[in-house]
Amino acid sequence: MSDTAVDYHQMWADLGIDLPMHDALLEAVGGMYGGTFMTQKNRPEGMGYLDFVMSEVHGLRIKELDDFRKSGGKVVGTYCLYVPEELIRAAGAWSVGICAGAEWAYDQVEQILPRNTCALIKSMMGFKLGKVCPYLEEADLLIGETTCDGKKKAYEELGKMQNLYTMELPQMKRPKDVAFWRSELVDLVAKLEELTGKKITAESLTAAIKEVNGKRRALQRVNAARAADPAPISGLDALLAVQVAFYDDVPRFTQMMNALADELEKRVAEGVGVAPKGAPRVLVTGTPMALPNWKLHQIVENAGGVVVGEEMCTGSRYYEKLVKEDSATLDEMLDDLAAKYLDINCACFTPNDGRIDDVIRMAKNLKADGVIDYALSFCGTYQIESAAVAKTVQDAGVPVLRIETDYSAEDVGQLSTRVEAFLEMVK
Ligand code: BJ8
């Protein structure tokens, strides 16, 4: 996808990447990006940074990871919000969220996993089996977690191919579950210290907590601006910002997102928007949308709506909650981390009423005209929760459209028709 003069093929070859297939992937994603993002009208100038990051997604950023590792640094790959980036950084390592948002090598995947596995898990395995993800190959350690059954079991297979450590996540949020989760964080500290050879200290953890909070605060500012009508940024661009947050350099990304937020706040003051004032406003909730999954946002915004928020892991669940910054000892900080992370509202938990409260609160604050509940096919937890989400949100007076889909383009026509009818109904 890079159009710079730098040729990264040797770097990719050294990582064991399948070069012809990887070239095909970059070409496909590059074409998709151009058609999806660069055709939007009146984008904020600050999006130029994310366009550049995306143009170098397997180039410059991988070179940075490569150089970091060559100077003795370690890279840790993660797949879920519950894995605390703060601990990884406090141990001197860099954290990258591994994306799993495109269909790849499904023929090979289906030799290991059942066909009726969710697209996210299939993609996670497909990128490994197809040898097309340099982030995965740069990872000295992958951290999995016992969230849904599909991921939990797929990690067993992934662990046969790469160094992988699994954290046990409780599925309830009672005090004894928080205590257990804290003990898992203590074990993770030991694992990370063994990996990097560096001790996590109160000083290094305080610095990491402040740094990651800074990134989340910048995203909070970007997303708060979306409450304005007209919305100063498209849902596609705002989603992209969170997707990139998982793997970009933390201080640089924070600085650039604060600059974007400055611009958005100015746009709001001047009444500048990406869609006409009064365009139907949609809040999306459900399963995460990993890079390069932009399907639903593109459908909504092509149909004349604007996505004003995402109650999902590639959205508010990622940036809304912060870790306390004023604790003095390592013990207290581990308490703070355990409390913050177990406060994420994922459908893998029971009960999970907090998620429904979040959807209603966000719909109100962002003045959403409707909510789209989005679930990947074969994701039992989110699909089952979908009925309760829809009922409670509708009872609160906000119309809901329930969508089940995957990463293929096959149902785009049918989804577009349903979304168009929904937008017409909510306005
Ligand atoms: S905290 S949402 S990132 S587990 S879509 S793989 S749940 S079958 S992604 Fe998730 Fe962490 Fe929860 Fe967020 Fe399973 Fe469902 Fe697939 Fe899913």
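A brief structural summary. (Residues numbered from 1 in each chain as written. Predicted model: local features only at pLDDT ≥ 70, side-chain atom pairs only at ≥ 80, totals over all residues. Heavy atoms only, no water.)

Another aspect to go through is helix H12 (residues 235-245). Burial analysis of H12 places 11 of its 11 residues in the buried class, the great majority of the element. Taken as a whole, H12 has its buried residues at Gly235, Leu236, Asp237, Ala238, Leu239, Leu240, Ala241, Val242, Gln243, Val244 and Ala245. (Buried < 20%, exposed > 50% of the residue type's maximum accessible area, 1.4 Å probe, protein only. Helix = DSSP H or I, 4+ residues; strand = E, 2+ residues; numbered from the N terminus.)

The strand order S6-S5-S7-S8 describes an open sheet built from four strands, whose pairing is parallel. The sheet is open, and its two edges are formed by strand S6 (306-311) and strand S8 (400-405), each paired on a single side. Strand-to-strand twist across the sheet, computed as the mean angle between neighbouring axes with direction ignored, equals 25 degrees. Both strand S7 (residues 370-376) and S8 contribute to a ladder of six bridges, which runs parallel. Paired with Ile372 across the two strands is Leu401, which belongs to S8. Against the sheet, helix H19 (residues 412-426) makes contact with strand S5 (281-286), S7 and S8, and its axis sits at roughly 170 degrees relative to S8, the strand it touches most. (Pairing = 2+ DSSP bridges. Axes fitted to C-alpha atoms, helices over the stretch in contact; angles between N-to-C directions. Contact = heavy atoms within 4.5 Å.)

Tallying each qualifying case throughout the model produces nine aromatic pairs. With 6.0 Å between their ring centres and 45 degrees between their planes, Tyr8 and Trp12 make a pair best called tilted. Tyr8 sits in the buried class, given a relative accessible area of 7%. Seen in terms of ring centroids, Tyr135 and Tyr247 are 5.2 Å apart; in terms of plane orientation they differ by 65 degrees. Their pairing is edge-to-face. On the criterion of sequence distance, the pair formed by Tyr135 in helix H8 (residues 134-138) and Tyr247 in the loop between H12 and helix H13 (250-270) is long-range, its members being 112 residues apart. Among the residues examined, Tyr247 registers a relative accessible area of 1% and is labelled buried. One aromatic cluster is present, built from ring pairs that chain together Tyr33, Phe37 and Trp294. Note that Lys340 overlies the ring of Tyr341, its terminal NZ or CZ placed 4.1 Å from the centroid. (Phe/Tyr/Trp six-rings, centres within 6.5 Å; stacked < 30°, edge-to-face > 60°. Lys NZ or Arg CZ within 6 Å of the ring centre and 35° of its normal.)

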